[in-house]
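Residues per chain are reported as follows:
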Amino acid sequence: MIRSLHRWFGLIAAVLLITVALSGMVLSIFPTAEALTRPAPQAISVAELAARVQSAEPTVEQIRRSPSGRITAYYFEGDQPASAVIDPATGKPAGSADTTPLQRWMTNFHRSLMLDDTGRLITAGGAAAMLALSISGLFLLARRAGGWRFFFAPMRGTGNGKLHAVVSRLALPGLFLSSLTALWMTATTFGLLPEGSSAPVFPAQVSGQTGVVPSAVPTLQAIPMDELRSLSFPAAGDATDVFTLKTASGEGYLDQGTGALLGWTDAGWIDSVSHLVTMLHTGQGMAWLGLLLGLSALGVPVLGWSGFSVWLAGRRTGKATSVPAGNADTILLVASEGGTTRGFTATLQTALSAQGLRVHVGSMSGFDASLWPKATRIILLAATYGDGAAPASASGFLRDFKGSPAKPGLSLAVLGFGDRSFPAFCGFAAEIARTADEKGWSQLLPFATVDRQSPQDFARWGRNLAQTLGLDFELNHQPVAQKTSQFALISRRDYGADVQALTTILRFALPKTSLWQRLTGQGLPHFEAGDLIGVVPQGSDLPRLYSLASGTRDGFIEICVRKQAGGLCSGQLTALEPGDTMTAFVRPNPAFRPVRGRKPVILIGAGTGIGPLAGFARANQAKQPMHLYFGARHPASDALYAEELSGWKEDGRLASVSMAYSRTATPAYVQYIVRKDAARLGKLIAAGGQVLVCGGREMASGVAAALAESLALQGMTLATLKAEGRYAEDVY
């Protein structure tokens, strides 16, 4: 529903929105120019300002102060009315107050398309459409990211789709503010809002005297110039006229003979809000905001073009579109870490839609059976991250699923995607299937798995699904080849070669990309330490994944590689010399990285598992308390990052470093020092600490057992820590 609303609003209103947005962008320049050219502000009272202006221009009729702080005086030159920008330091004219023809034309065009009230209604409709697009766009961005907590995570995807998402995240806050304030201003223009405070009743009696000097009026002396809106002087020769004063707090009348306050009305909340809204929309008084809103408006044509391109590409490829959840008979929910499971989901969606089924596709984070009144079946396609964990986009799914009762008339199937080389093969999907059985969900198909993205496994499951549904289709999934880049080796540091156990820290240069390539998603995506790089070795199409020890801000790609006996990829990588290249791609791994803040982070690893942990420490410029526990064989041959670790501890990026060596006179493994430090670790975890473990599966298993003892001292369990998202593993 949200996606359809967003798409059709955007397509229909695109031309109007681009027109209004670009004119608004041009107008945003004028407040900045005004702020740069206005005389320096003065900390004086309204009384002093009026006295200076009247001294310089005795025929002054009115003084106005704009939201930007510019002072304008209206007076006579002979018998002709005149106006000028005033220097408050002297009260004398400092420049013309006339608006340029371009600004007048552009303002009228932006407000009403030069069509008076009819044009105002049209632009108001455009503002309403932009508001709807902004709100729906924010929800779609959150859904794309896997939930609001991942809203600011690096964007996945490529091409126009990624460009649309990136520009949306930058522009939508400004577009939301512009459209909301535009609607308020339109409502004010057409009298659709409650009226603000009315002016006080004109005084029936005055002193009849004239000639009071503004500088001697107590009311004007008490009001700072910055609070002035306008001050109108009494007409010359009319003893019944008065001063009319308008400020941010209200308006009133002053006797022109005695200076006495003859009447006053405080400003109402409508007046205050309307004044603030005008400032927010125009940038008058906040030139920096005007420029930001202008830049946001500049994103509208980019969003229009990229959104239309994505829609058109979908139409050209014949890709099935997801029907609104409320109209669907089949619900496909996907949990994917790297995006490949979404590709399988698209293949299934296309096949089912071609058979006449009404298919809705969504994220497993949005599980809510009450949203599917017409659905008769739901299929969950769940990838497993790491050693049995849920992908980041579905971290809270099991909790919600366990709390939801089975819905009568709605059958369910679970298809798991994973790697059989891991002990907890498809562990997340298997847990979903067990929970479904316990909750009494009707089974559409028995639980099944797909090993290492096998099209054959997927097709076999698809044939069973077709038979169950009484349909005739075949799931012929064609995986999309991952776009790779060439990375040139800058440097290498070797360890353990003397003991025939070569481990190398390899540092590669980032491929050069143009600004256009980065904007359109053709360049290397943003990455952080803990993300993955898939290296495609020569002679094989199957990539090998390595954890990154660096982030985009470091300006290089760094990995730790141990040469494995007979290992194709590790053998090629450890043989590289500076200048040689590797073929690879970057894949996000958002579930394995420190949570930002001041709570402690416990880093535990062994061997090449030090890579991402070192990357976390390197990036810890904020000095978040990080405690490293690292295991290796011998300090003489395997002290990876020894110099850096010492420096990071000294400058505060590491709060403590604990080492364990297994090939020394007093051998120890990392799980031993973890168990030895149980009391301290327990306190750190109880204080909200997070645990990140990287290395071999056997090491990770030993660490988990040792940590369980630490947690027991605090009345906690490892399962609780995992459920809270405070324990993550990157094991191999």
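Here's a quick rundown of the structure. (Residues numbered from 1 in each chain as written. Predicted model: local features only at pLDDT ≥ 70, side-chain atom pairs only at ≥ 80, totals over all residues. Heavy atoms only, no water.)

### Quick look at the packing of aromatic side chains
Any aromatic ring pair is given by two values, namely how distant the centres are and how the planes are angled relative to each other.
And then number 1: One pass over the structure, following the stated rule, counts 15 aromatic pairs.
And then number 2: Ring geometry for Phe344 versus Phe458: centroids 4.9 Å apart, planes at 80°, classification edge-to-face. Here Phe458 lies in helix 13 (residues 455-469) and Phe344 lies in helix 10 (residues 340-354), a separation of 114 residues in the sequence. Each member of the pair Phe344 and Phe458 is classed as buried.
And then number 3: Pairing Phe367 with Trp441 gives two aromatic rings, centres 6.3 Å apart and planes at 70°, and the pair type is edge-to-face. (Phe/Tyr/Trp six-rings, centres within 6.5 Å; stacked < 30°, edge-to-face > 60°. Helix = DSSP H or I, 4+ residues; strand = E, 2+ residues; numbered from the N terminus. Buried < 20%, exposed > 50% of the residue type's maximum accessible area, 1.4 Å probe, protein only.)

### Digging into the packing of helix 10 against helix 13
And then number 1: The interhelical angle for the contact between helix 10 and helix 13, taken along N-to-C directions, is 30°, at an axis separation of 12 Å. Comparing the axis directions of helix 10 and helix 13 gives the class roughly parallel. In this structure, helix 10 crosses over helix 13, and the sense of that crossing is right-handed. For the pair helix 10 and helix 13, contact is made by Phe344, Thr347, Leu348 and Leu352 and by Phe458, Trp461, Leu465 and Leu469, respectively.
And then number 2: Residue composition of the contact of helix 10 with helix 13, grouped by class: seven nonpolar, one polar and no charged. (Axes fitted to C-alpha atoms, helices over the stretch in contact; angles between N-to-C directions. Parallel < 35°, antiparallel > 145°, perpendicular 65-115°, else oblique. Left-handed = near helix turned anticlockwise from the far one by under 90°. Contact = heavy atoms within 4.5 Å. Nonpolar A, V, L, I, M, F, W, Y, C, P; charged D, E, K, R; others polar.)

### Some words on the packing of helix 20 (residues 678-686) against helix 21 (residues 697-712)
And then number 1: At their nearest, the axes of helix 20 and helix 21 sit 8 Å apart, and the two run at 70° to each other. Viewed along their axes, helix 20 and helix 21 adopt a mutual orientation that is roughly perpendicular. Viewed along their axes, helix 20 and helix 21 form a crossing whose handedness is right-handed. Two secondary-structure elements touch here, helix 20 through Ala678, Leu681, Gly682 and Ile685 and helix 21 through Leu707, Ser710 and Leu711.

### Structural notes on unusual backbone geometry
And then number 1: One non-glycine residue, Arg452, lies in the positive phi region at around 50°.
And then number 2: Following the sequence through the fold, Arg452 ends up in the loop between strand 14 (448-451) and helix 13.
And then number 3: Phi at Tyr641 is positive, roughly 60°, even though this residue is not glycine.
And then number 4: Looking at where Tyr641 falls in the secondary structure, it is placed in the loop between helix 17 (635-638) and helix 18 (642-651).
And then number 5: Judged by its relative accessible area of 0%, Tyr641 is buried.

### Digging into the environment of Ile378
And then number 1: Along the chain, the position of Ile378 falls in strand 11 (residues 377-383).
And then number 2: For the pair formed by Ile378 and Asp98, sequence separation is 280 residues and the distance between their alpha carbons is 66 Å.
And then number 3: Among residues more than four places away in sequence, those in contact with Ile378 are Ile331, Leu333, Phe367, Trp372, Leu410, Ser411, Leu412 and Ala413.

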